[in-house]
Amino acid sequence: MKKIKVYLLFILLCLISIASISCKRENKITVCEVAHSVFYAPLYASIELGFFEEVGLEVELINGNGADKVMAALLSGDAQVGLMGPEASIYVYTEGQENYAVNFAQLTRTDGSFIIGRTPDEDFDLSKLSGKSILGGRKGGVPEMTLEYVLKKAGLLVGRDDETVLSKGGVLVRTDVQFAAMAGAFSQGEGDYTTLFEPTATSIENSNKGYVLASVGEIVGEVPYTAFSALKNYINENENKIQLFTEAIYKGIVWVHDNTAEKVAEVIAPHFTTNTIEELTKVTQRHKDINAWVETPLFTESALNNLIDIMKEAGELDESVPYNKIVTTKYVEKILNK
């Protein structure tokens, strides 16, 4: 009889353990980020400060190294949430994909890249790119399109992968170097200039292989540069998860705004083990100075229209897309209306 009771107790403990594991898996969300950068500090803060745990979610973070790869991860089911430029969701929607990606929370409000030159230049302005080449990233990606946009607005002739533009005093924007390889390529002598995210830009500067000259974001102004998105079907089937995820991210955004660059650096440091607190503080302050992060994750129609204008200017989009198809604000609005 005693053996039976022990056996039954063992079975009960096993069932509780299985239920616990199942519950954890059910509450797990894999987030694929477009790049690993201090630009996404509110996400890392939400992880480190336990904001996801507070709402009962477990977040696994993976790096896609490009919006096209993040979208591929969503479509394949390797990730449930993507952090990337909304241009990727626009491309998928215009291609006729039925289960397209919908943006449910905006994270950054401008371009997070910095123009890097080979020598220091306190008097740098965009006109100095005339007759020069710059590594711009993947063709059709927000970083490359935004770069082209600011160059054209500055009155410069732009040639994408067309070296003949150099003889005309224009700027050669190179898209033949993958986003993740741009820092290494520039260090090896490719391009007269490049654009880089932080903390990579500061690492290049510290190694005396390049110098931060200007913020693209400061020049271009407001653009919905990166947002959280998920496939339409996933959102419809997991509305509570999306709501809880949005709440945790909002807490991270507010916290980053309310705290000093040094405090933010200390909290996100586990995600940047090769950088010192001093470096991370400097980088975080750069982002605060350009007002990189949204005040709330509400993705507005005017913000989308700014992005569409940039895509049209780059020749990557012919017609506008319906705002209410690729953006939903219901989850953010529920938080704001509390």
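Coordinates for the structure precede this section.
Chains are numbered independently. Their residues run from 1 in the order of the written sequence. Where totals are concerned, whole chains, interfaces and linings use all residues; where local detail is concerned, this predicted model gives features only for residues with pLDDT of at least 70, and gives and counts side-chain atom pairs only at 80 or more. In computing side-chain values, all of the structure's heavy atoms are included and hydrogens and water are not.

1. Considering the pairing of strand β10 (residues 211-215)
For each residue, the accessible area found with a 1.4 Å probe, counting protein chains only, is set against the maximum for its type, and the residue is called buried under 20%, exposed over 50%, and partly exposed in between. Only runs of H or I of at least four residues qualify as helices and only runs of E of at least two qualify as strands under DSSP, and these elements are numbered from the N terminus. Within β10, four of the five residues are buried, which leaves the element mostly enclosed by the surrounding structure. Alignment of strand β5 (residues 114-117) against β10, held across four bridges, turns out to be antiparallel. By the bridge assignment, Ile116 is partnered in β10 with Val212. At least two DSSP bridges between two strands are needed for those strands to be called paired.

2. Brief notes about unusual backbone geometry
Cis rather than trans, the peptide bond between Glu198 and Pro199 has omega equal to 10°. Position of Pro199 among the secondary structure elements: in the loop between β9 (193-196) and α8 (200-206). Positive phi, normally seen in glycine, also occurs at Asp161, with a value near 60°. Following the sequence through the fold, Asp161 ends up in the loop between β7 (158-160) and β8 (171-174). Asp161 gets classed as partly exposed once you look at its relative accessible area, which sits at 41%. With phi around 60°, Asn208 is a residue other than glycine that occupies positive phi space. Residue placement: Asn208 occurs in the loop between α8 and β10. A relative accessible area of 56% means that Asn208 is categorised as exposed.

3. A look at empty space enclosed by the protein
The distinction between a cavity and a pocket rests on a 1 Å grid over the protein atoms alone: a 1.4 Å probe fits inside a cavity but cannot get out, while a pocket stays open yet meets protein on both sides within 12 Å along at least five of seven lines, and a residue with an atom within 4 Å of a point counts as lining. Grid points are joined across faces, edges and corners, and a volume is the space filled by probe spheres set on the points. Enumeration according to the criterion identifies one cavity of 30 Å³ or more in this entry. Its volume calculated, the largest cavity comes out at about 210 Å³. Lining the largest cavity are 21 residues, with Val34, Gly66, Ala67, Pro143 and Phe179 positioned closest to its centre. Elements with a contribution of two residues or more to the lining of the largest cavity: α4 (67-76) and α6 (142-153). Three categories are distinguished: nonpolar for Ala, Val, Leu, Ile, Met, Phe, Trp, Tyr, Cys and Pro, charged for Asp, Glu, Lys and Arg, and polar for the others, with Gly belonging to the last. A breakdown of the residues in the lining of the largest cavity according to their chemical character gives eight nonpolar, eight polar and five charged.

4. Considerations on the packing of helix α12 (residues 261-268) against helix α13 (residues 277-289)
Taken N-terminus to C-terminus, the directions of α12 and α13 make an angle of 125°; their axes are 8 Å apart at the nearest point. Taken together, the axes of α12 and α13 are oblique relative to one another. Crossing angle aside, the handedness with which α12 passes α13 is right-handed. Residue-level inspection shows Ala261, Glu262, Val264, Ala265, Glu266 and Ile268 of α12 in contact with α13, the latter providing Ile277, Leu280, Thr281, Thr284, Gln285 and Lys288. Taken together, the residues of the contact of α12 with α13 sort by class into six nonpolar, three polar and three charged. What counts as an axis is a line fitted to C-alpha atoms, over the stretch in contact for a helix, and the angles between N-to-C directions run from 0 to 180 degrees. In these notes the angle categories are as follows: under 35 degrees is roughly parallel, over 145 is roughly antiparallel, 65 to 115 is roughly perpendicular, and the rest is oblique. When the near helix sits turned anticlockwise from the far one by under a right angle, the crossing is termed left-handed; a clockwise turn instead gives a right-handed crossing. Note on definitions: a residue-residue contact is assigned when non-hydrogen atoms from the two residues lie within 4.5 Å.

5. Considering the sheet that holds strand β6 (residues 133-135)
Taken together, six strands build an open sheet; the order of strands is β7-β8-β6-β9-β5-β10 and the sheet is mixed. In the strand order of this sheet, the two ends are held by β7 and β10, each with one partner. For this sheet the average axis-to-axis angle between neighbouring strands, irrespective of direction, equals 30°. Strand direction decides the pairing type here: β6 and β9, joined by two bridges, are parallel. By the bridge assignment, Ile134 is partnered in β9 with Tyr193.

6. Considerations on α12
Every buried residue of α12 is listed here: Ala261, Val264, Ala265, Val267 and Ile268. Seen end-on, α12 carries its buried residues on one side only, within an arc spanning 165°. Residues of α12 that are buried in the fold lie against α2 (41-48), α11 (239-258) and α13. Within this analysis, the arc is defined by the directions that extend from the helix axis to the C-beta atoms.

7. Remarks on the packing of aromatic side chains
Only Phe, Tyr and Trp rings take part, Trp by its six-membered ring, and two of them pair if their centres are within 6.5 Å. Stacked means planes under 30 degrees apart, edge-to-face means over 60, and tilted covers everything else. Counted according to the given criterion, the structure contains eleven aromatic pairs. Summarising the aromatic geometry, the rings of Phe124 and Tyr193 are spaced 6.1 Å apart at their centres and angled 45° between planes, so their arrangement reads as tilted. Here Phe124, found in the loop between β5 and β6, pairs with Tyr193, found in strand β9; they are 69 residues apart in sequence, far enough to count as distant. The same class applies to Phe124 and to Tyr193, which are both buried. Measuring from centroid to centroid gives 6.1 Å for Phe197 and Tyr225, while their planes differ by 35°, and the two rings are tilted. Here the residue Phe197 occupies a position in the loop between β9 and α8, and Tyr225 occupies one in the loop between α9 (216-220) and β11 (226-231), the gap between them amounting to 28 residues. On the accessibility criterion, Phe197 (8% relative accessible area) is buried. What makes Tyr225 buried here is its relative accessible area of 2%. Every member of this aromatic cluster is reached through a ring pair, and the members are Phe39, Tyr40, Phe179, Phe197 and Tyr225.

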